[in-house]
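Coordinates in review
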Amino acid sequence: MHHPENDSEYKGLTVNSGVSSQPTVNPYLTGRPRRRRSFTPAEYVEGILKGDISMLSRAVTLVESTVDEHQAVAQEVIEKCLPHSGKSRRIGITGVPGAGKSTSIDEFGLHVIRQGHKLAVLAIDPSSERTRGSILGDKTRMEKLSQNHDAFIRPSPSAGSLGGVARKTRETIVLCEAAGYDRIFVETVGVGQSETAVHSMVDFFLLIQLAGTGDELQGIKRGIMEMADGIVINKCDGDNVERARLAAAQFRNALHLFPPTPSRWKPEVITYSGYFGYDIDKVWDMIDRYFDYVERTGYFERKRNEQAKYWMTETINEQLKASFYRFPQIKELLEQKEMRILNNEQSSFTAARDVLDFYFTRLRQTSDR
């Protein structure tokens with residue numbers, strides 16, 4: 001290839017010829033790549049009950065898969081693991097981005113592991129609305145936990161459907177409990193609706209807040225306060241100690257204005273530092289007090305039962321929605337109705353009624369055959 005920069009009129013410039021083109025296929029690669037072996041539901045269950053991390057990870061991948069064959073295997077595995085689940089403490093952890101959730105979980109996790117427990121961290125990772133991609137960087141942020149053999153960290157992309165991911169996260173909890181993890185952390189995206197979904201699958205809901213950001217009053221007004229069983233003010237260190245204590249006092253005062261919680265437990269407010277590991281034991285003492293209280297009053301069992309019924313209903317709703325959009329001719333009919341709406345020929349409500357009427361009529365015709 002001729003490079004004009006090598007002509008004599010360009011003094012001091014030289015372009016090397018470079019290396020020859022390399023083959024696109026690895027010359028050392030011989031034969032076809034080996035396909036990953038598939039396992040039976042019984043093999044998955046056996047591995048999970050033995051605490052095999054690899055088998056647990058593969059089972060969770062099946063749960064998250066949208067392939068029908070994978071879902072069939074996953075559901076059978078979950079059913080067989082159910083009798084071995086339910087013996088953990090499930091703790092939801094939320095807070096605005098930058099509140100230090102991952103750093104705090106790193107410290108909280110080490111604390112419970114030092115107490116002799118096994119920990120599973122299930123983190124719902126926010127996905128790009130445009131590309132549906134996720135960083136899934138929780139293992140990077142939780143440096144200490146990711147190297148601990150008693151910790152299992154599993155990030156899941158929200159992929160624009162928090163409800164679907166929340167259901168799969170609840171199923172993953174069952175698998176982790178069957179594998180022997182008696183402490184489960186569920187970290188939320190921290191963007192509103194994910195908190196409601198996570199709150200419906202955990203026993204204790206922890207809200208992480210910051211001081212000195214000028215957002216204390218906004219934090220008090222949010223509905224998330226009503227779901228919190230405990231509030232912790234992070235980054236109580238250095239010259240931020242007084243601001244953190246002041247914020248804690250403001251939150252305590254605000255809690256008096258909220259109606260009593262269903263459990264009748266009075267949420268506590270505690271300051272700590274996730275980065276330096278200050279007062280982590282105080283946070284955990286509060287959580288222990290909560291579990292002692294709800295187990296003594298019987299609320300723990302009642303809440304678990306209500307959650308199980310809730311997720312049955314949610315699963316029905318999700319399956320009905322999926323069945324509707326997969327039904328033949330629905331896509332074409334929706335496009336027709338959308339055009340009529342945009343041309344002001346029909347209202348959104350009557351168009352929706354027409355589509356649903358078509359769907360239910362076809363369902364009845366199918367069932368009568």
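Attention here is on the structure that accompanies the text. (Residues numbered from 1 in each chain as written. Predicted model: local features only at pLDDT ≥ 70, side-chain atom pairs only at ≥ 80, totals over all residues. Heavy atoms only, no water.)

Within the chain, lysine 235 stands out as a residue other than glycine whose phi angle is a positive 65 degrees. Checked against the element boundaries, lysine 235 lands in the loop between strand 6 (230-233) and helix 10 (241-255). Not every positive phi belongs to a glycine, and aspartate 279 is a case in point at roughly 60 degrees. Assignment of secondary structure puts aspartate 279 in the loop between strand 7 (268-271) and helix 11 (280-297). We classify aspartate 279 as partly exposed; its relative accessible area is 30%. (Helix = DSSP H or I, 4+ residues; strand = E, 2+ residues; numbered from the N terminus. Buried < 20%, exposed > 50% of the residue type's maximum accessible area, 1.4 Å probe, protein only.)

The next point concerns helix 12 (residues 299-326). With 28 residues, helix 12 should cover 40 Å at 1.5 Å per step; its first-to-last C-alpha distance of 40 Å lies within 8% of that length. Burial in helix 12 covers these residues: Tyr299, Phe300, Lys303, Arg304, Gln307, Trp311 and Phe324. (Expected span 1.5 Å × (residues − 1).)

Let us now look at the pattern of salt bridges. Enumeration over the complete set of coordinates arrives at 14 salt bridges. Measuring nitrogen to oxygen at the nearest pair gives 3.2 Å for the salt bridge that ties glutamate 64 to arginine 154. Note that glutamate 64 is positioned in helix 2 (residues 53-64) and arginine 154 in strand 3 (residues 151-157), a separation of 90 residues in sequence. The class of glutamate 64 is partly exposed, set by a relative accessible area of 25%. You can call arginine 154 buried: its relative accessible area is 14%. Within this structure, Lys337, Arg353 and Asp354 form a network of salt bridges that share partners. (Salt bridge = Lys/Arg side-chain N within 4 Å of Asp/Glu carboxyl O.)

Here we come to the pairing of strand 6. Of the two faces of strand 6, the one carrying Gly230 and Val232 and the one carrying Ile231 and Ile233 are both buried. Pairing of strand 5 (residues 204-209) with strand 6, which is carried by 4 bridges, proceeds in the parallel orientation. Looking at strand 6, one finds that leucine 207 is bridged to isoleucine 231. Assessed by its sense of winding, the connection that carries the chain from strand 6 through helix 10 to strand 7 is right-handed. (Pairing = 2+ DSSP bridges. Right-handed = clockwise from strand over helix to strand, strands pointing away.)

What follows covers the packing of aromatic side chains. By the definition in use, this model includes 17 aromatic pairs. Arranged with centres 5.6 Å apart and planes meeting at 85 degrees, the rings of tyrosine 290 and phenylalanine 291 form a pair that is edge-to-face. Phenylalanine 291 shares its class with tyrosine 290; the two are buried. Grouped by ring-pair contacts, the aromatic residues Phe204, Trp265, Tyr290, Phe291, Tyr293 and Phe300 constitute a single cluster. Lysine 118 extends its terminal NZ or CZ atom over the ring of tyrosine 181, reaching a point 4.5 Å from the ring centre. (Phe/Tyr/Trp six-rings, centres within 6.5 Å; stacked < 30°, edge-to-face > 60°. Lys NZ or Arg CZ within 6 Å of the ring centre and 35° of its normal.)

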